[in-house]
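# Overview (structure and organization)
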Amino acid sequence: MLRRHVMMGGIAAASLSASSPTLVGTAQAEGQPSDADGFSAEQVAMRARHLAAKPYVAPDNALPPSLRDLSYDQYRTIRFDRSQAPWRSEGLPFQLQPFHRGFLYRDRVALHDVDHGVARPLRFGSRQFSYGEKIRPVADEDLGYAGTRVLTRLNRTDHYDEVVAFLGASYFRAVARGHVYGISARGLALGTADPKGEEFPWFRSFWFERPDPEAETLVVHALLDSQSVAGAYRFTVRPGAVTTMDVDARLYPRRNLISAGIAPLTSMYLHSPNDRGGADDYRPAVHDSDGLLVLTARGERLWRPLTNPRTLQVSGFADRDPTGFGLMQRRRFFTDFHDLESAFHRRPSLWVEPLSPFGEGEVQLIEIPTPNEINDNIVAFWRPKAPLPAGGETRLQYRLHWCSEPPIGPTVAAFTGTRVGAGSNARMRRFVLDVDGRALAERQGAPRPVLDAWASAGTIHHATIHPNIETGGLRVAFEFASGGAPMAELGVRLLHDGAPLTETWLYRWSA
């Protein structure tokens, strides 16, 4: 189980104010350049190769008890003084606000400001932060940082809003205009759902290229490390109505990686109308994402609603060079959730678009049981069929879209709702699916589509299609009898003249 990634205060808005000094200084740690060193992306790759050729060294996570043993609420009270934010005094289009170490975030992470090819480390000082009443800051000690936020004028021209944050292992989050934080991405996943345990690579160091005054993008470099692999990452961040991040990663495994997850996404799903799980909750749904969407190499769209299973579930969707995949948040109205504080309807979807071929493998979906919304229990990534070989270089290039709608167009109609409940007798479960009316509008007057429904075990009964006069779309309903099978894969699609009219709806039913 993955603990929910903590971001302090959602989208934090910092208004423009008086200038302040940029944080610079010296830091002595293996793998960091000195102030006088030149900097380039190739230099990060060289450092990663150098790390991979040596035994792994664990991160420095030593902290005084007053910081090590902080509760979640206590950690939230530690605030960076925005007047001291790097790049603020220059009025640049991006600013940085480092995170304090403590609570779950104990590893020391090096941060660097890169100006005209020169990397200068950002140095910690307790006076950069305000602390809660019960927290004793450690004076005159260089504790370093846990990560950093990046802010820009995302929603208003007179405010700097949080757009991306790097915090914890290799996790990072981003938002587009109007969003609040939800789903996370990671640099790499290793051994997720493996009975032997998961390995969590972490970003040792970051280098932030100082942007030009008119820049619309920010370039971030990161050095990844773990027991099994080192890596060099380059992120190109473009904030906006859709925030994109181009990722160029070079991995140098210390050993053959047989369970690597590429472009991993981590989210939370507790319940919704297709899987209430006996939830005693005033809210009709609680989730950051409600389904996995896959666009295969041959152009088929697969939609898999998420569940909160009773036992760990692992699903694979095999392909070669997929067009894309992502965890989507399709419910976009407050009335879908009725949660004023969490604003689940404003949380982004996250779509992965390969920019270089991914080869043969599968999109893997992992659903972990959870009793509450504290835990991130949904993981999706690309798993290559062939292991990543030790001693070599594997290069990966892909684009992350933090969005409300995936950038693939309405080529077929989407399933916008899945509801499951009691059937006509105790042996039956009833499924009710809604189909988006927008992609069907041009079909007015056309013959009713053909319903293609199947089950890997058990039988499907009473399958029907009806117009949904409330949405302008269609409603599909059927009942399923398991026949004693403990598990079944269900599938539905609508056809017209033998061609898909909708995406392919897939669902794993379990007793």
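So, here's what we can say about the structure. (Residues numbered from 1 in each chain as written. Predicted model: local features only at pLDDT ≥ 70, side-chain atom pairs only at ≥ 80, totals over all residues. Heavy atoms only, no water.)

Our next topic: the overall build of the protein. A tally of helices and strands in the protein yields 3 helices and 36 strands. The C-alpha radius of gyration of the protein comes to 24 Å, within 12% of the 24 Å expected for a compact globule of 511 residues. Considered along the principal axes of its C-alpha atoms, the protein spans approximately 70 × 50 × 45 Å. By the burial criterion, 56% of the 511 residues in the protein qualify as buried. Long-range contacts, defined as pairs at least 24 residues apart, comprise 68% of the intrachain contacts of the protein with a sequence gap of at least 6. Element-wise, carbon and sulfur atoms account for 50% of the exposed surface of the protein, whose accessible area totals about 21300 Å². (Helix = DSSP H or I, 4+ residues; strand = E, 2+ residues; numbered from the N terminus. Rg over C-alpha atoms; globule rule 2.2 N^0.38 Å. Buried < 20%, exposed > 50% of the residue type's maximum accessible area, 1.4 Å probe, protein only. Contact = heavy atoms within 4.5 Å. Areas by Shrake-Rupley, 256 points an atom, 1.4 Å probe, with all protein chains shown as cover.)

Turning our eyes to something else, we now look at the sheet that holds strand β33 (residues 473-481). Ordered in space as β29-β30-β33-β32, the 4 strands form an open sheet in which the pairing is antiparallel. Two strands close off the open sheet at either side, each with one partner strand: β29 (415-422) and β32 (459-468). Between one strand axis and the next, the sheet turns through 15° on average, direction left out of account. Of the strand pairs in this sheet, β32 and β33 are connected by 8 bridges, and their pairing is antiparallel. From the neighbouring strand, Ile 460 faces β33, where its bridge partner is Phe 480. (Pairing = 2+ DSSP bridges. Axes fitted to C-alpha atoms, helices over the stretch in contact; angles between N-to-C directions.)

In this section: the pattern of salt bridges. Scanning all chains against the criterion turns up 32 salt bridges. With a shortest N-O distance of 3.2 Å, Glu 367 and Arg 304 are connected by a salt bridge. With Glu 367 in strand β25 (residues 360-367) and Arg 304 in strand β21 (residues 301-305), this residue pair connects regions lying 63 residues apart in the sequence. Here Glu 367 and Arg 304 have matching classes, each one buried. The network of salt bridges with shared partners includes Glu 42, Arg 49, Arg 250 and Glu 393. (Salt bridge = Lys/Arg side-chain N within 4 Å of Asp/Glu carboxyl O.)

Here the focus is unusual backbone geometry. Positioned with a positive phi, Ala 343 is a non-glycine residue whose angle comes to about 50°. For Ala 343, the location among the structural elements is in the loop between β23 (324-328) and β24 (349-354). The residue His 462 is not glycine, and still its phi comes out positive at about 55°. Relative to the elements of secondary structure, His 462 occurs in strand β32.

Moving on, we come to the nonpolar core. By size, the foremost hydrophobic cluster in this structure holds 82 residues, and its most contacted members are Tyr 233, Phe 235, Met 245 and Leu 400. Apart from residues lying up to four places away in sequence, Tyr 233 is in contact with Gly 187, Leu 188, Phe 203, Val 220, His 221, Ala 222, Leu 224, Val 247, Asp 248, Ala 249 and Leu 251. Counting 26 residues, the second largest nonpolar core, distinct from the first, contains Ile 408, Val 435, Ile 465 and Trp 509. (Core = buried A, V, L, I, M, F, W, Y, C linked by side-chain atoms within 4.5 Å.)

Turning our eyes to something else, we now look at the pairing of strand β4 (residues 94-99). Counting buried residues along β4, 6 of its 6 residues qualify, which places the element largely inside the surrounding structure. Here β4 shows a buried face lined by Phe 94, Leu 96 and Pro 98 and a second buried face lined by Gln 95, Gln 97 and Phe 99.

Let us look at helix α1 (residues 41-52). Here α1 spans 17 Å end to end across 12 residues, near enough to the 16 Å set by a 1.5 Å rise per residue. Every buried residue belonging to α1 is among Gln 43, Val 44, Ala 45, Arg 47, Ala 48, Leu 51 and Ala 52, and all of these are buried. On its buried face, α1 is in contact with β13 (202-209), β14 (218-225), β15 (229-238) and β16 (243-253). (Expected span 1.5 Å × (residues − 1).)

A complete count under the given rule lists 28 aromatic pairs for this structure. An aromatic cluster of three or more residues is present, and its members are Phe 166, Phe 172, Phe 203, Phe 206, Phe 208, Tyr 233 and Phe 235. The side chain of Arg 330 reaches across the aromatic face of Trp 303, ending 3.7 Å from its centre. (Phe/Tyr/Trp six-rings, centres within 6.5 Å; stacked < 30°, edge-to-face > 60°. Lys NZ or Arg CZ within 6 Å of the ring centre and 35° of its normal.)

Right, let's talk about the pairing of β23 for a bit. Where burial is concerned, most of β23 is hidden: 5 out of the 5 residues are buried. In β23, alternate side chains face the same way, and those of Gly 324, Gly 326 and Met 328 on one face and Phe 325 and Leu 327 on the other are all buried. Strand direction decides the pairing type here: strand β20 (residues 291-295) and β23, joined by 5 bridges, are antiparallel. Looking at β23, one finds that Val 294 is bridged to Phe 325. Relative to β24, β23 runs antiparallel, the two being bridged by 3 bridges. From the neighbouring strand, Gly 326 faces β24, where its bridge partner is Trp 351.

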